[in-house]
Every structure is written in C-alpha cells, then in structure tokens.
Amino acid sequence: MKKILVAAIFPTLFSVGYVQAQEVKPEMKPDNEVSFNAALTSDYRYRGISQTRLQAALQGGADYVHNPSGLYAGAWFSSIKWTKDAGGGGNLEADLYAGRRGEINKDISYDIGVLTYVYPSNGLATDANTTEVYGQLSYGPAYVKYSHAVTNLFGIADSKNSGYLDLGANIDVATGLTLNIHAGRQQVKNNSASSYTDWKIGLTKDFGVLTGALAVVGTNASETSYASPANGKFLGRTALVMTISKIF
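Remember, predicted model here, so these are calculated numbers, not experimental data. (Residues numbered from 1 in each chain as written. Predicted model: local features only at pLDDT ≥ 70, side-chain atom pairs only at ≥ 80, totals over all residues. Heavy atoms only, no water.)

## Brief notes about the overall build of the protein
(1) Moving on: The number of helices and strands found in the protein is one helix and 14 strands.
(2) Moving on: Residue burial in the protein is summarised as follows: out of 248 residues, 45% are buried. (Helix = DSSP H or I, 4+ residues; strand = E, 2+ residues; numbered from the N terminus. Buried < 20%, exposed > 50% of the residue type's maximum accessible area, 1.4 Å probe, protein only.)

## Quick look at the sheet that holds strand β4 (residues 57-66)
(1) Moving on: The sheet built from 12 strands closes into a barrel, its strands ordered β1-β4-β5-β6-β7-β8-β9-β10-β11-β12-β13-β14 with antiparallel pairing. Across the sheet, the mean angle separating the axes of adjacent strands is 20° when strand polarity is ignored.
(2) Moving on: Where strand β7 (residues 108-118) and strand β8 (residues 130-139) come together, 10 bridges link them in antiparallel fashion. The partner of Ser109 across the bridge, within β8, is Ser138. (Pairing = 2+ DSSP bridges. Axes fitted to C-alpha atoms, helices over the stretch in contact; angles between N-to-C directions.)

## What to know about the pattern of salt bridges
(1) Moving on: For the structure shown, the criterion picks out five salt bridges.
(2) Moving on: Ionic pairing is found between Asp43 and Arg45, a salt bridge with its closest N-O pair at 2.8 Å. For the pair Asp43 and Arg45, one class covers both residues: buried.
(3) Moving on: For Lys106, the salt bridge identified is with Asp107, shortest N-O distance 3.5 Å.
(4) Moving on: Look at Asp107 and you get partly exposed, because its relative accessible area is 37%. (Salt bridge = Lys/Arg side-chain N within 4 Å of Asp/Glu carboxyl O.)

## Observations concerning the nonpolar core
(1) Moving on: Grouped together as the largest cluster of nonpolar side chains are 19 residues, with contacts concentrated most on Tyr44, Trp82, Tyr117, Tyr119, Leu153 and Phe154.
(2) Moving on: Only β5 (71-79) and β7 provide two or more residues apiece to this core.
(3) Moving on: With seven residues, the next largest nonpolar core counts Leu54, Tyr196, Tyr226 and Leu235 among its residues. (Core = buried A, V, L, I, M, F, W, Y, C linked by side-chain atoms within 4.5 Å.)

## Section: the side chain of Asp111
(1) Moving on: The topology assignment puts Asp111 in strand β7.
(2) Moving on: Residue Asp111 is classed as buried on the basis of its relative accessible area of 7%.
(3) Moving on: A polar atom in the side chain of Asp111 sits 3.4 Å from the side chain of Arg101. (Polar contact = N/O pair within 3.5 Å; in protein donor to acceptor, adjacent residues only side chain to side chain.)

## A closer look at the confidence of the model for the protein
(1) Moving on: The share of residues in the protein with pLDDT of 70 or more is 89%, and the mean pLDDT across the chain is 91.
(2) Moving on: With pLDDT under 50 throughout, residues 4-23 is counted as low confidence; its partners more than four residues away or in other chains account for 67 contacts. (pLDDT = per-residue confidence, 0-100. Contact = heavy atoms within 4.5 Å.)

## Here we look at the environment of Asn105
(1) Moving on: Along the chain, Asn105 turns up in the loop between β6 (92-103) and β7.
(2) Moving on: Distance from Asn105 to Tyr139, taken between C-alpha atoms, is 10.0 Å for residues 34 residues apart in sequence.
(3) Moving on: At 2.8 Å, the side chain of Asn105 forms a polar contact with the backbone nitrogen of Ile108.

## Observations regarding the packing of aromatic side chains
(1) Moving on: Under the defined criterion, the tally for this structure stands at seven aromatic pairs.
(2) Moving on: With a centroid separation of 5.2 Å and 75° between ring planes, the pair formed by Trp82 and Tyr119 is classed as edge-to-face. Residue Trp82 is located in helix α1 (residues 82-85), and its partner Tyr119 is located in the loop between β7 and β8; the two are separated by 37 residues in the primary sequence. In this structure, Trp82 and Tyr119 share a single accessibility class: buried. (Phe/Tyr/Trp six-rings, centres within 6.5 Å; stacked < 30°, edge-to-face > 60°.)

## Overview of the pairing of β4
(1) Moving on: Where strand β1 (residues 32-41) lies against β4, 10 bridges are found, and the strand directions are antiparallel. If you follow Ser35 over to β4, its bridge partner there is Asp63.
(2) Moving on: Relative to β5, β4 runs antiparallel, the two sharing eight bridges. Counted as the bridge partner of Tyr64 is Ala73 from β5.

## Details of a nonpolar patch on the surface
(1) Moving on: Among the surface-exposed residues, Ile171, Val173, Ile181, Trp199, Ile201, Leu203, Leu214, Val216, Leu240 and Met242 lie close enough to one another that they form a single nonpolar patch of about 830 Å² accessible area.
(2) Moving on: Going through the elements one at a time, β10 (163-174), β12 (196-206), β13 (211-219) and β14 (239-247) are the ones with two or more residues in the nonpolar patch.
(3) Moving on: The greatest single-element share of the nonpolar patch, amounting to three residues, is contributed by β12.
(4) Moving on: Looking at the secondary structure, you find Ile181 in strand β11 (residues 177-187). (Patch = residues over 30% accessible without salt bridge, like charges linked within 9 Å, V, L, I, M, F, W, Y side chains within 5 Å. Areas by Shrake-Rupley, 256 points an atom, 1.4 Å probe, with all protein chains shown as cover.)

## Side note on the pairing of β14
(1) Moving on: Judged from the five bridges that link them, β1 and β14 form a sheet pairing that is antiparallel. When the bridges of β14 are listed, Asn37 appears paired with Ile247.
(2) Moving on: With seven bridges joining them, β13 and β14 adopt antiparallel strand pairing. Looking at the pairing, Ala213 lines up with Thr243 of β14.

What follows is the structure in structure tokens.
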C-alpha cells in the first residue's frame, strides 16, 4: 500500500497480528464490553509495506462492543515514520473505526464498517488522511474482505476509489497456537505502477499473560515506487516480523 506510495506504502487485521480471543457463549457476554490493547512490533507492516522504515513501532488502542446488536467502535494508534520521510511531518497514525458484526447463519458471519486513518500534522501536498469502507465475510477460520477508499489513498493524488482485496485464514493448530495465512491485492486508482500484491504466513501463540506473533511478510511491489526516501531501502521486502501484544 502506499502510505509510502507518496514517496515511492491490516480490524481488519492490524499489525499487532491476529490475537485469538477465548470463545465465550453469547448468553454469557455482557451487553457492553470495553477492552484495551498494547503491542510492540519489530516492524509496522501494513498491507506488506513498512510504515516505520523497517524499524520497530509502539502500538495500542481501545475497543467498545455492544453485544446484543453487534455494533462496535474503536481507536488504534501506532508510531510511524513514513509521513515525515515523504517530506511532511508527524510521527503518529490514529485509526478510528466503527461497524457491525453478526451472523448470516451458523457457518457464515459478516463484518461491515468504516475506517479513517488520521495522520496528525502530516502536511503532505495531498492530505495523507484516508477513509475506507469495508465488508468482510467469514466461513470458519477463512475470510474474504474488501476495503474501498472514499478519499484519496494515503497522500496519493487522484487515487480516490482505490481498493484492497484481502483473503486469509486463522487456523487453530494446537491449544493457544494459530496459523495465520494472508494474501492481499492493493489496486491504486490511476496509479497502476503503485499497485501490488502482498502476503503473510505466521504463527500466533497465546501465552496467557502476553500473545506473541511471528510472521514472514512480503510483497511484489515496485522497489522503485516503494523505496524509502530517507535511505533508499525497499519497504516491501520479504522479512520476518515479530510482535508482542496484550489485551486488557
């Protein structure tokens, strides 16, 4: 993706990786739930592209769910480097989202919503702030999700109506251990050179106190389009990413 497309770049699954929640029967859940999360990742990859110049990031957020209706809202934050590297300012990403989850039948569930990525003081010629609407269908551990940009995409001029298709599965392979598989395609409207495919395969382990995730992430993005303006390194290269997270 080109949050670094400007210079040359996951909910939804955010970079903290897939965190498996313990199953709770619907009748046992409270009507209103609030949770908080925090994470440290070795490289904030979003749709395969590093947002932190291949360096570590601190992340965290909060979520609210109204269980009877399936309505939810939340906010998530991460340190970043790409807006400043692209000639603007700021070092923070703030994601604000709301939507609704539910079941179509006992096998198929859905998730629809809207997500706004806010980059305070980004100062780029084309504003980096981006809003997408999304829809997801899940069948067992597998899912398909599509996100559609209703604004310009991450500071790219004339990129409104770009889209991202996300296919994946989160498969329980042992108690507390989940296999995470993902493939995605970012289409950038009016900018085909910046379109690309990304992929991920990894494992998430619930240790009780903390959750750990280890994944190999890669893309076929253009090395020219997705080179860091700060040091020239390719931000979509294949790499191993490690994340430690906690839900409160």
